[in-house]
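# Observations on the model geometry
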Amino acid sequence: MKDGARLLLFLAIVVPACSSAGPVGGNSGSSTLPVPGDYAIVRLEADPDLLNPTITTSAASNYILVGALGFMISEQLLHYDPRTGKPTEPGLAMSYPEISQDHRVYTFSIRDGVRWHDGHPFSAEDVLFTVKAAMVPSVDAGAFRSSFASLASVEITGRNQIRFRMAEPYWLNDAALASDIVPVPKHVYDPQRILDHYTFEQIRDPKAVNDPVLKKFGEDFNNNPANRAPVGTGPYKFEKWQTGQEIVVRRNEDYWGQRPHLEKIIYKIIPDSTTALAALKSGEIDFIPRLLPLQFQEQTSGPAFQEHFVKATYQIPQLAYIGWNEARPYFADKRVRQALTMLIDRAKVIETVRRGMGSMAASPFVPASPDFNPMITPLPYDPKHAAVLMDEAGWIDHNGNGIRDKDGVEFKFEILAASSNTAAVALLPILQDEFGKAGISVTARRLDAAVFQSTLRDQRADAAIDGWVSSLVFDPYQLFHSSSARNRGSNYYNFRNPTADHIMEQARVEFDAEKRKQLYWRFQDIFHDEQPYTLLYYPENAAAYHKRLQNVQFLHVRPGYDITQWWVSTFGGGL
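Residues numbered from 1 in each chain as written. Predicted model: local features only at pLDDT ≥ 70, side-chain atom pairs only at ≥ 80, totals over all residues. Heavy atoms only, no water.

## Thoughts on the environment of Ala279
- Considering the arrangement of structural elements, one finds Ala279 in helix α8 (residues 273-282).
- Residue Ala279 is classed as buried on the basis of its relative accessible area of 4%.
- Here the alpha-carbon distance between Ala279 and Arg43, two residues 236 residues apart in the chain, equals 9.1 Å.
- Not counting residues within four places of it along the chain, the set of residues in contact with Ala279 comprises Ile270, Glu284 and Ile285. (Helix = DSSP H or I, 4+ residues; strand = E, 2+ residues; numbered from the N terminus. Buried < 20%, exposed > 50% of the residue type's maximum accessible area, 1.4 Å probe, protein only. Contact = heavy atoms within 4.5 Å.)

## Remarks on the environment of Ile181
- Here Ile181 lies in the loop between α4 (173-180) and α5 (186-189).
- Residue classification places Ile181 among the buried residues on the basis of a relative accessible area of 1%.
- Residues Ile181 and Leu78, spaced 103 residues apart in sequence, show a C-alpha to C-alpha distance of 9.3 Å.
- Leaving out residues up to four positions away in the same chain, Ile181 has contacts with Glu75, Gln76, Leu77, Val127, Val131, Phe144, Phe148, Phe164 and Ala176.

## Observations concerning helix α17 (residues 498-508)
- Among the residues of α17, those classed as buried are Ala500, Asp501, Ile503, Met504 and Ala507. The arc that holds every buried residue of α17, seen down its axis, measures 165°, which confines them to one face.
- Here the buried face of α17 lies against α16 (477-480) and α18 (513-530).
- The opening residue of α17 is Asn497, an N-cap whose side-chain oxygen sits 3.1 Å from the backbone nitrogen of Thr499. (Arc of directions from axis to C-beta. Polar contact = N/O pair within 3.5 Å; in protein donor to acceptor, adjacent residues only side chain to side chain.)

## A look at the environment of Asn401
- Turning to its location among the elements, Asn401 is positioned in the loop between α13 (383-392) and β16 (405-406).
- Between the C-alpha atom of Asn401 and that of Gly439, which follows or precedes it by 38 residues, the distance is 9.0 Å.
- A distance of 3.0 Å separates a polar side-chain atom of Asn401 from the backbone nitrogen of Ile403.
- Among the polar contacts made by the side chain of Asn401, one reaches the side chain of Glu410 at a distance of 2.6 Å.

## A few points about helix α11 (residues 334-342)
- Most of α11 is tucked away, with seven of its nine residues classed as buried.
- Every buried residue of α11 is listed here: Val336, Arg337, Gln338, Ala339, Leu340, Thr341 and Met342.
- On its buried face, α11 is in contact with β14 (318-324), α12 (346-352), α13, α14 (422-437), α18 and β21 (533-539).

## A look at empty space enclosed by the protein
- Looking at the largest cavity, its volume works out to about 80 Å³.
- Tallied by class, the residues present in the lining of the largest cavity amount to eleven nonpolar, one polar and one charged. (1 Å grid on protein atoms, 1.4 Å probe; cavity = no way out; pocket = protein on both sides within 12 Å on 5 of 7 lines; lining within 4 Å. Points joined across faces, edges and corners; volume = space filled by probe spheres on them. Nonpolar A, V, L, I, M, F, W, Y, C, P; charged D, E, K, R; others polar.)

## Thoughts on unusual backbone geometry
- The omega torsion across Arg558 and Pro559 is 5°, close enough to zero to call that bond cis.
- By secondary structure assignment, the location of Pro559 is in the loop between β23 (549-550) and β24 (567-568).
- A positive phi is found at Asn160, a non-glycine position, where the angle reads about 55°.
- In this fold, Asn160 is placed in the loop between β7 (151-158) and β8 (161-166).
- Under the relative-accessibility criterion, Asn160 is labelled buried at 14%.

## Focus on the packing of α11 against α13
- With their axes 8 Å apart at the nearest point, α11 and α13 run at an angle of 160° to one another. On the basis of their axis angle, the class for α11 and α13 is roughly antiparallel. Pair α11 / α13 crosses with left-handed handedness. Packed against α11, whose contacting residues are Arg335, Val336, Gln338, Ala339 and Met342, the element α13 presents Pro383, His385, Ala386, Leu389, Met390 and Glu392 at the interface.
- Grouping the amino acids of the contact of α11 with α13 by side-chain chemistry returns seven nonpolar, two polar and two charged. (Axes fitted to C-alpha atoms, helices over the stretch in contact; angles between N-to-C directions. Parallel < 35°, antiparallel > 145°, perpendicular 65-115°, else oblique. Left-handed = near helix turned anticlockwise from the far one by under 90°.)

## Brief notes about the side chain of Gln338
- Within the fold, Gln338 resides in helix α11.
- Only 2.8 Å separates the side chain of Gln338 from the backbone oxygen of Asp529, close enough to count as a polar contact.
- Not counting residues within four places of it along the chain, the set of residues in contact with Gln338 comprises Leu379, Leu389, Asp529 and Gln531.

## Description of the nonpolar core
- The biggest cluster of nonpolar side chains holds 45 residues, and the ones touching the most others in it are Phe108, Ile110, Phe148, Phe164, Ile181 and Phe221.
- If you list the elements that add at least two residues to this core, you get β6 (105-109), α2 (124-135), β7, β8, α4, α6 (200-204) and α7 (212-222).
- No other element matches α2, which puts eight residues into this core.
- If sequence neighbours within four positions are ignored, Phe148 has contacts with Met135, Met166, Ala176, Leu177, Asp180, Ile181 and Arg204. (Core = buried A, V, L, I, M, F, W, Y, C linked by side-chain atoms within 4.5 Å.)

## Concerning the sheet that holds β8
- What the four strands build is an open sheet, ordered β5-β6-β8-β7; its pairing is antiparallel. Both outer strands of the open sheet, β5 (98-99) and β7, are each paired with one neighbouring strand and no more.
- Judged from the two bridges that link them, β5 and β6 form a sheet pairing that is antiparallel. The residue of β6 that forms the bridge with Glu98 is Thr107.
- Most of the contacts of α2 go to β7, to which it runs at about 165°, and overall it touches β7 and β8.
- Set on the sheet, α4 makes contact with β5, β6 and β8; between it and β6 the angle comes to about 35°. (Pairing = 2+ DSSP bridges.)

## Considerations on the side chain of His481
- Inspection of the secondary structure assignment puts His481 in the loop between α16 and α17.
- Excluding its chain neighbours within four sequence positions, the residues that come into contact with His481 are Pro476, Asn491, Asp501, Met504 and Glu505.

## Observations regarding the pairing of β6
- Here β6 lies mainly inside the structure; four of its five residues are buried.
- The antiparallel pairing of β5 with β6 creates a hairpin that spans five residues between the two strands, and His103 there sits at a positive phi of about 60°.
- With five bridges connecting them, β6 and β8 associate as antiparallel partners. Paired with Thr107 across the bridge in β8 is Arg163.

## Here we look at the confidence of the model for the protein chain
- Per-chain confidence: the protein chain averages 91 in pLDDT, with 93% of residues scoring 70 or above.
- Every residue in residues 1-21 scores below 50 in pLDDT, and together they form 112 contacts with partners more than four places removed in sequence or on other chains.
- Counted against residues more than four places away or in other chains, residues 571-575, with its pLDDT under 50, gives 16 contacts. (pLDDT = per-residue confidence, 0-100.)

So this is what it looks like as structure tokens:
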């Protein structure tokens, strides 16, 4: 699902720790009533890969397609409740699904009277088509298929009623179905009705990979012009996309639900943070979702800025970390991984790299999660004890050259970071200095974001600085189960612990929230002891926006804001 079953791994350290998932402040101080019309210009850090919700892997694409709450250009079956961060609100489905007693069958009633942006009626047929299309082997929907590996069948059972049958129970099946299925129009992607001739089971059959008709369908689906000019059902219609410059959406006046206030949203693509801040100050854009800590604290102050702009901080479930590849001899012993964590002064890192905007991380679950274990204390900064642990693990400087070694292998490794990771610029020298004092030689390399991601998936990194964003309701299976270390799964660092595996497997089929929490507490204890990652911090995000924007509030679900609730009280320009 958007924030849970399918985790989005970020290539830049960028934000959790809150008490609820509802709005968390930040507004223009206006008490005026909403005014329809006008526009907002929002900074986007990068171009999306494409605008097809079934096959995109881009955070930017998801923000434009479904926003924070599951509806912008496209829509989920259920929208997110901003108070809980869970997909429980009516969307393209009328209500939460009917669930069988054995937690294997989920039945949704699909809303009548909805139309695609091109005027074509929307129905349960579009939902069925989307799921079947995502399961076609040649369609670039690997993440979707991974999320629904246990989906055994899907069928329309009545007028606009669709039923999903799972091969096995899972406590997040309902949320995954509600949020991961973002329908695309059957009449646009399959005008010849090719998939009508295949059952869901036939598409899932291993033989389907060699079916020339399905192979051609997948190629056409992956390259459909609608991937750059999406047709949705949501409150905003796609208008245009100028690569590297901007994406524009316009209000859907025929939207079935509550229409947004702003008539148009312009997403300006500005990769460079300095350029983005200059654009805000000059009036070229209205909103920057993420300021650098330096910008927030030193470059957005003073009467002139305060006269025209508002600053705010907000948090979403995000985490920055260093991953240690346990397939490498340096990191195979947990005492070494513990020592590496204890060699990093994380309090100093937060103060220098983040300028105090963050809190030290203790668990892969964020503190606001209902399953967070508050009994865990982060390992201390303690170079002396780290040296003892390294000695116990056999990593000793045997030849006096200043570098620890074991079995003839010197403790030399490379740590990677994405070129887009601005925090790594300051963090890497700190790591090299601290590790060097302890007899560990570290080289650093920054890679293009796509190359970095591919390198991690292929497990070719010794270690890496990275981060992820999840949800308050979090299943660690995708990241930490040993099965995810195979086939380019998300367990990039080869964490393999049979006890942890068993606990995660038990938790997936435990529907009693309290019992599941106790399982996840045990998992967090094991994670803390094993230190497969050095968890650095839960960052705090900072934003700035022009005072012409009203009702700007921040949420604890990514991207942290809901544009559909904004308005401009005094028109700031024409359309």
